[in-house]
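Listed here are the chains, written in short residue letters.
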Amino acid sequence: MPAGRDPEAGQAFPVYVTVVAGLLFLAFVYFAVGQAAATRNMGQTAADSAALAAAQDAREQLRDGWLDVILDPDAWGAYLRGEEYDTASACRYAAEFAAKNDAELWDGGCVRLSGEEGFRVRIRTLGTVGKSLVPGTEDRHASATATAVLEPRCAFEAPEPPPPPPPTTPAPSGSATPAPTPTPSPEPEPITGLVCDGVEWTIDPERPRLPDAADLFTVRLAD
């Protein structure tokens, strides 16, 4: 054995290699797990935004439909309750927002809720969980579900109609009947009785000041 050589140096080198390899493997595992978690988080973000997009489109539809019948209070009910909108149109918006977040509607995609107004959306990420870093995850996508609801903020109660005018007194017998006076067309009366979150709104047909869509409905994610 040459002088000055440590006899244990050769035995320590394989241990060093093993330790370094183990640390590199752990670093790779942590990186892969982090990538998978990031993909799942992106999937949930995509589901949330898609569900909210569907509900917000439904809200805009409801306000537009309500404006079409604004002078007919008897037709307001379905719009103020949040029932009169096109589900297919709202779900198209959900698909668009899912795509903006690198995802797609999947497994039922976009469904209108039963028992309350809103949507349940299920998406699948376009990217895979392991991003091809971990064998066996090349075809595994993250999926997520979100629910968004529409909550009406307004109520309408039509005021009591005014009492009928008193009957006219007939002219005495034998007297000349005066010519009838033309009756002018009545001006449309302001519509009262609409209350949104405690705020009373008067709909004046001549100078309409109308609630916005956000005044009519709250859109939120459900737990």
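No experiment lies behind these values; they were computed from the predicted model shown. (Residues numbered from 1 in each chain as written. Predicted model: local features only at pLDDT ≥ 70, side-chain atom pairs only at ≥ 80, totals over all residues. Heavy atoms only, no water.)

**Some words on the overall build of the protein**
Then, in step 1: When helices and strands are counted, the protein shows four helices and seven strands.
Then, in step 2: Counting from the amino terminus, helix and strand elements in the protein follow one another as α-α-α-β-β-β-β-β-β-α-β.
Then, in step 3: For the protein, the proportion of its 223 residues judged to be buried stands at 29%.
Then, in step 4: As displayed, the protein has an accessible area near 14,700 Å², and 56% of this comes from carbon and sulfur atoms. (Helix = DSSP H or I, 4+ residues; strand = E, 2+ residues; numbered from the N terminus. Buried < 20%, exposed > 50% of the residue type's maximum accessible area, 1.4 Å probe, protein only. Areas by Shrake-Rupley, 256 points an atom, 1.4 Å probe, with all protein chains shown as cover.)

**Here we look at the environment of Ala95**
Then, in step 1: Of note, Ala95 is situated in helix α3 (residues 87–100).
Then, in step 2: Exposure remark for Ala95: the relative accessible area of 32% places this residue in the partly exposed category.

**Notes on the sheet that holds strand β3 (residues 141–152)**
Then, in step 1: The strand order β1-β2-β3-β7 describes an open sheet built from four strands, whose pairing is antiparallel. Both edges of this open sheet fall to β1 (103–112) and β7 (217–221), since each of them pairs with a single strand only. Adjacent strand axes in the sheet meet at a mean angle of 20 degrees, parallel and antiparallel pairs treated alike.
Then, in step 2: Taken together, the five bridges between β3 and β7 define a ladder with antiparallel strand orientation. If you follow Pro152 over to β7, its bridge partner there is Phe217. (Pairing = 2+ DSSP bridges. Axes fitted to C-alpha atoms, helices over the stretch in contact; angles between N-to-C directions.)

**Points about the sheet that holds strand β5 (residues 191–196)**
Two pairing modes exist for strands in a sheet, parallel and antiparallel, and in both the strands are linked by backbone hydrogen bonds.
Then, in step 1: The antiparallel open sheet is built from three strands, whose spatial order is β4-β5-β6. Because the sheet does not close on itself, it has two edges, and the strands there are β4 (154–156) and β6 (199–203). Neighbour-to-neighbour, the strand axes of the sheet open up by a mean angle of 30 degrees, direction not taken into account.
Then, in step 2: One ladder, built from four bridges, connects β5 with β6; its direction is antiparallel. By the bridge assignment, Ile191 is partnered in β6 with Ile203.

**What to know about the pattern of salt bridges**
Then, in step 1: Summed over the entire model, instances satisfying the criterion amount to six salt bridges.
Then, in step 2: Residue Glu83 pairs with Arg81 through a salt bridge whose shortest N-O separation is 3.1 Å.
Then, in step 3: Overall, the relative accessible area of 34% leaves Glu83 in the partly exposed class.
Then, in step 4: Looking at Arg81, the relative accessible area reads 48%, which means it is partly exposed. (Salt bridge = Lys/Arg side-chain N within 4 Å of Asp/Glu carboxyl O.)

**Notes on the packing of aromatic side chains**
Then, in step 1: This model, assessed by the stated rule, comprises three aromatic pairs.
Then, in step 2: When the centroid spacing of 4.6 Å and the interplanar angle of 55 degrees are considered together, the rings of Trp76 and Phe156 count as tilted. Of this pair, Trp76 sits in the loop between α1 (9–68) and α2 (77–80) while Phe156 sits in strand β4, and the two are 80 residues apart along the sequence.
Then, in step 3: Aromatic rings pair up to connect Trp66, Trp76 and Phe156 into one cluster.
Then, in step 4: Stacked on the ring of Phe97, the Lys or Arg Lys100 has its end atom at 4.5 Å from the ring centre. (Phe/Tyr/Trp six-rings, centres within 6.5 Å; stacked < 30°, edge-to-face > 60°. Lys NZ or Arg CZ within 6 Å of the ring centre and 35° of its normal.)

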